[in-house]
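Single-letter residue listing:
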Amino acid sequence: MEPLHYMVCRNEVSQLGNKTVLIIGGGPAGIQSALEQAESGNTVYLVENTAGIGGERLLYDEDSKTVDFVSPDLEKVKNNKNIRIITNADIEKVEDDNGKFGIRIKKRAIRVIEEKCNDCKACIKVCPVNLWDDEDQGLSFRTAIDFFNHVDPSYNIVKEAPVCQRACPVHLDIRGYIGFIADGKFKESLALIKEVLPFPSICGHICPHPCEEECNRGKVDFPLSIRDLKRFVADIDLQDSCKSKPGMVVRGANKGKKVAIIGAGPAGLACAYDLALLGYGVTVFEALPRPGGMLAVGIPDYRLPRDVLEKEIDAVSALGVEIRCNTVIGKGLSLDDLFEKGYEAVFITVGAHKNQEMRIPGEDALGVIPGVTFLRDLNLGNPVDVGGRVAVIGGGNVAIDSARCALRLGARDVTILYRRSRQEMPASDEEIEAALEEGIKIEYLVAPLQVFTADGKVASLRCMRMELGKPDASGRRMPIPVEGSEFDIELDTLIPAIGQVPDISFLGESSEIELTKKGTIAVNPDTLETSRPGVFAGGDCQTGPKIAVEAVAAGKKAAVSIDKYLRGK
């Protein structure tokens, strides 16, 4: 993330003397106003969002070697002791406080040490990044390091956030790591990825790549294969002969404080990774017999090979993070117990492993296996028999994964039933296409009504055809039953996969943790801190089911907040 500096000016903003005055904009009008206020005895803060004052990037006449529209008062403002100039900054917040104003200003880093800059312009000659030059209406290029104008050459590095980087939940420097790959610098590329993302190979296998959806190249022909490029350099690293040297990872000094993390999914492991690098002692408590959360028990191994998952989790353990599997919080070990054992902060990230019910008659019958349960049993090696005819209810990736796994278990007829059309299907297109290529049938605009049994086991499913109406709260068109369209499907196994919800019953009523109306954990959105001081929450148990890289982003955000919390204790 781009380094930011914040400051708050809390004083009166007034036109009278002996007051503090804020002026926004360092153009000619702002300069004149600043001088007038300063000469009236006021203290002036002159805030400009570009790198220098004097107006927008002043036009330079190459023929006359002069600059037009230069304020004659520029030097007076810079030398006036009552005027503080804050460049490269924006107003973030204005608070009215009983006739006074509190102003929150965000100052962006210029990445140039102004005291050492002698205006030699050597940096411009070596800068490898070219941008459209706004000085000549974008008809040529300039470099990313540039000076603001020819009169007041304040240098800074223009750092744009490309659309792909903005779309990535962890804001990976995609342009940077692809550039390294283009130059054959694979280890440098991976190092750049790992500055932000501790699981490049995992995400290289399973991320639905929202970055590629926004890739500008897609407007020309096809988006860049960003995810596959990440997987390429990550897989090289996983080969022993090319493995990154341990020295690439630098841990901070031991802070002598312990943090407990409940849940070893992507959010928990990412949080543990960052906290360990900061020097905290971290213990991760996991209820399942293996770490990884949904990565380990919710995604089939044909999509995410287990050796890939294990190697990247091992990298977390290598930092000194202790992962205790088969440890259920709430059964003999409560939140209070964790604090009594010396943990000074807790991060709850238990995922959303509970299947959402269909609420139709017969769904408790033998042979009805919820999608998350089905995938968990398979991934843990538990025996699962689906028979020859399988129907899957739902349109998300869990439904697709369940159908493809059922096919691999030997089912000869696998059908996905979805109540909307393909356009509204939340599963990724590539997963849908893969399922269709494997012979899985998808029946759109179909909803289940009732499960029928024979000999105590599911035998058939009554369904109804649907049609689409107006968009609902989710923005998707609402399915409406078509009267008289009921029909039955004979089957051996029914797998409902219509969504998951978190199971946070382990917290108990005495935990002091507030919940939302949706049953997720309520947090401060800025810090992820819960209603109980020192307890943070993130990932699917706080947001509802999301993609893995969003959970990683939540874990990293929690690590920053926990560090701030513990440093403030």
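Within any chain, residue numbers begin from 1 and follow the written order of that chain's sequence. Residue-level local features of this predicted model are given only where pLDDT is at least 70; pairs of side-chain atoms are given and counted only at 80 or more, and the full residue set underlies all totals for whole chains, interfaces and linings. The side-chain numbers reported here are obtained from all heavy atoms of the structure, hydrogens and water having been left aside.

Enquirer: Would you explain the overall build of the chain in this entry?
Expert: Helix and strand counts for the chain come out as 18 helices and 27 strands. Taking the principal axes of its C-alpha atoms as reference, the chain extends roughly 95 × 60 × 60 Å. Counting over 569 residues, the chain shows a buried share of 46%. Two residues form a contact once any of their heavy atoms are found within 4.5 Å. Long-range pairs, those at least 24 residues apart, make up 64% of the contacts in the chain between residues at least 6 apart in sequence. A 1.4 Å probe and the Shrake-Rupley method give the accessible areas. Residues count as covered only by the protein chains that appear here. As presented, the chain carries roughly 29,000 Å² of accessible surface, and 50% of it is formed by carbon and sulfur atoms. Counting from the N terminus, the helices are DSSP H or I runs at least four residues long and the strands are E runs at least two residues long. Only protein chains enter the calculation, and the probe is 1.4 Å; a residue is then buried if its accessible area is under 20% of its type maximum, exposed if over 50%, and partly exposed in between.

Enquirer: What's the story with the side chain of D401 in this structure? I'm lost.
Expert: Inspection of the secondary structure puts D401 in helix 15 (residues 397-408). Those residues within four positions of D401 in sequence are excluded, and the remaining contacts are G298, P300, Y302, R303, L375 and E431.

Enquirer: So what exactly am I meant to see when it comes to helix 12 (residues 306-317) here?
Expert: Each helix should span, by expectation, one fewer than its residue count multiplied by 1.5 Å. A rise of 1.5 Å per residue sets the reference length of helix 12, with its 12 residues, at 16 Å; its end C-alpha atoms lie 16 Å apart and thus fit the reference within 8%. Looking only at helix 12, the buried set comprises R306, V308, L309, E312, I313 and V316. Buried residues of helix 12 fall within an arc of 160° about the axis and therefore sit on the same side. Next to the buried residues of helix 12 lie helix 7 (200-206), helix 9 (226-238), helix 10 (266-277), helix 11 (294-297), strand 15 (322-324) and helix 14 (371-379). Arc definition: directions from the helix axis to the C-beta atoms.

Enquirer: Hey, could you run me through the sheet that holds strand 6 (residues 83-86) in this one?
Expert: Within a sheet, adjacent strands bond to each other through the backbone by hydrogen bonds, running parallel or antiparallel. Only strands joined by at least two bridges in the DSSP assignment are considered to pair. Pairing within the open sheet is parallel, and its 3 strands lie in the order 2-3-6. Only two strands of the sheet have a single partner each, and these edge strands are strand 2 (20-24) and strand 6. Across the sheet, the mean angle from the axis of one strand to that of its neighbour is 20°, orientation sign disregarded. Axis geometry follows a simple rule: fit a line to the C-alpha atoms, using only the stretch in contact for helices, then measure angles between N-to-C directions, giving values from 0 to 180 degrees.

Enquirer: Hey, could you run me through the pattern of salt bridges in this one?
Expert: Side chains bearing opposite charge may pair, as long as their charged atoms lie close to each other. One speaks of a salt bridge when a side-chain nitrogen belonging to Lys or Arg is within 4 Å of a carboxyl oxygen belonging to Asp or Glu. Counted under the stated rule, the structure contains 26 salt bridges. Between E430 and R227 there is a salt bridge, and its shortest N-O distance comes to 3.0 Å. Taken together, the residues span a long stretch of sequence, with E430 in helix 16 (residues 429-437) and R227 in helix 9 at a distance of 203 residues. Note that R465 is salt-bridged to E443, the shortest N-O span being 3.2 Å. Of this pair, R465 sits in strand 22 (residues 457-471) while E443 is found in strand 20 (residues 441-443), placing the two residues 22 residues apart along the sequence. What makes R465 partly exposed here is its relative accessible area of 32%.

Enquirer: Looking at this structure, how should I read the sheet that holds strand 25 (residues 493-496)?
Expert: Pairing is parallel in the open sheet, where 4 strands are placed in the order 20-19-18-25. Since the sheet does not close on itself, it has two edges, and those belong to strand 20 and strand 25, each with one partner. Adjacent strand axes in the sheet meet at a mean angle of 20°, parallel and antiparallel pairs treated alike. Across 5 bridges, strand 18 (residues 389-393) lies against strand 19 (residues 413-417) in parallel orientation. The residue bridging A391 from the neighbouring strand is T415, located in strand 19.

Enquirer: Teacher, can you tell me more about the packing of aromatic side chains here?
Expert: To describe a pair of aromatic rings, you give the distance between the ring centres and the angle between the ring planes. Note on aromatic contacts: the rings of Phe and Tyr and the six-membered ring of Trp form a pair at centre separations within 6.5 Å, being stacked when their planes are under 30 degrees apart, edge-to-face when over 60 apart, and tilted otherwise. For the coordinates displayed, the defined rule picks out 3 aromatic pairs. With a centroid separation of 5.0 Å and an interplanar angle of 85°, the aromatic rings of F186 and F232 are classed as edge-to-face. Here the residue F186 occupies a position in helix 6 (residues 186-194), and F232 occupies one in helix 9, the gap between them amounting to 46 residues. Looking at F186, the relative accessible area reads 31%, which means it is partly exposed. Judged by its relative accessible area of 35%, F232 falls in the partly exposed class.

Enquirer: Help me out: how do you make sense of helix 10 in this one?
Expert: Side chains of residues three or four places apart in an α-helix project in the same direction, reflecting 3.6 residues per turn. When the terminal C-alpha atoms of helix 10 are compared, their 17 Å separation across 12 residues agrees well with the 16 Å that a helix rising 1.5 Å per residue should span. Here helix 10 lies mainly inside the structure; 11 of its 12 residues are buried. Of all the positions in helix 10, only P266, A267, G268, L269, A270, C271, A272, Y273, D274, L275 and A276 are classed as buried. Just downstream of helix 10 lies G279, where phi reads positive at about 105°.

Enquirer: Even after reading the chapter, I still don't get the packing of helix 5 (residues 174-182) against helix 9, so can you show me in this structure?
Expert: Closest axis-to-axis distance for the helix 5/helix 9 pair is 11 Å, and the angle between their directions is 55°. On the basis of the axis angle, helix 5 is oblique to helix 9. The two elements helix 5 and helix 9 cross, and the hand of that crossing is left-handed. Where helix 5 abuts helix 9, its residues I174, Y177, I178 and I181 lie against I226, L229, K230, F232 and V233. The residue makeup of the contact of helix 5 with helix 9, split by class, is 8 nonpolar, no polar and 1 charged. For classification purposes, an angle smaller than 35 degrees is called roughly parallel, one larger than 145 roughly antiparallel, one from 65 to 115 roughly perpendicular, and anything else oblique. Here is the rule for handedness: rotate from the far helix to the near one, and if that takes an anticlockwise turn smaller than a right angle the crossing is left-handed, while a clockwise turn gives right-handed. Here the term charged refers only to Asp, Glu, Lys and Arg, the term nonpolar to Ala, Val, Leu, Ile, Met, Phe, Trp, Tyr, Cys and Pro, and the term polar to all other amino acids, Gly among them.

Enquirer: Mind showing me how you'd approach the environment of V346 here?
Expert: Mapped onto the elements of the fold, V346 is located in strand 16 (residues 343-348). Note on V346: relative accessible area 0%, which makes it buried. In this structure the C-alpha to C-alpha distance between V346 and I440, which are 94 residues apart in sequence, comes to 44 Å. Among all residues touching V346, those that are not within four sequence positions of it are A260, I262, L335, L338, F339, G534, V535 and F536.

Enquirer: I tried to follow the state of the cysteines on my own but got confused; where do I start?
Expert: The bond known as a disulfide is covalent and runs between the sulfur atoms of two cysteines. Any pair of cysteine sulfurs within 2.5 Å is marked as a disulfide. One pass over the structure, following the stated rule, counts 0 disulfides. The closest cysteine sulfur to the non-disulfide-bonded C207 is located on C203, 5.5 Å from its own sulfur.

Enquirer: Please explain the packing of helix 15 against helix 16 as it appears in this structure.
Expert: The relative placement of two packed helices comes down to the angle between their axes together with the axis-to-axis distance. Between helix 15 and helix 16, the shortest axis-to-axis distance is 10 Å and the interhelical angle comes to 25°. Here helix 16 runs roughly parallel to helix 15, going by the angle between their axes. By crossing handedness, the relation of helix 15 to helix 16 is classed as left-handed. Contact residues: helix 15 offers N397, I400, D401 and R404, while helix 16 offers E431, I432, A434 and A435. Looking at the contact of helix 15 with helix 16 residue by residue, the classes come out as 4 nonpolar, 1 polar and 3 charged.

Enquirer: I tried to follow unusual backbone geometry on my own but got confused; where do I start?
Expert: We note that H209 has phi near 45°; this positive angle belongs to a residue other than glycine. Inspection of the secondary structure assignment puts H209 in the loop between helix 7 and helix 8 (210-214). In the Ramachandran plot, E512 falls in the positive-phi region, its phi being about 70° despite a non-glycine side chain. Inspection of the secondary structure puts E512 in the loop between strand 26 (500-501) and strand 27 (535-537). Overall, E512 belongs to the exposed group, its relative accessible area being 53%.

Enquirer: What is the right way to read the pairing of strand 19 from this model?
Expert: Along any regular strand, the residues point their side chains to alternate faces of the sheet. Burial of strand 19 is extensive: 4 of the 5 residues sit out of reach of the surface. At this point the chain moves from strand 18, through helix 15, to the parallel strand 19, and the crossover so formed is right-handed. When strand 19 meets strand 20, the two strands line up parallel, connected through 3 bridges. The residue bridging L417 from the neighbouring strand is E443, located in strand 20. Crossover handedness for the path strand 19 to helix 16 to strand 20: right-handed. Call a crossover right-handed when, viewed with both strands pointing away from you, the route from the first strand across the helix to the second goes clockwise.

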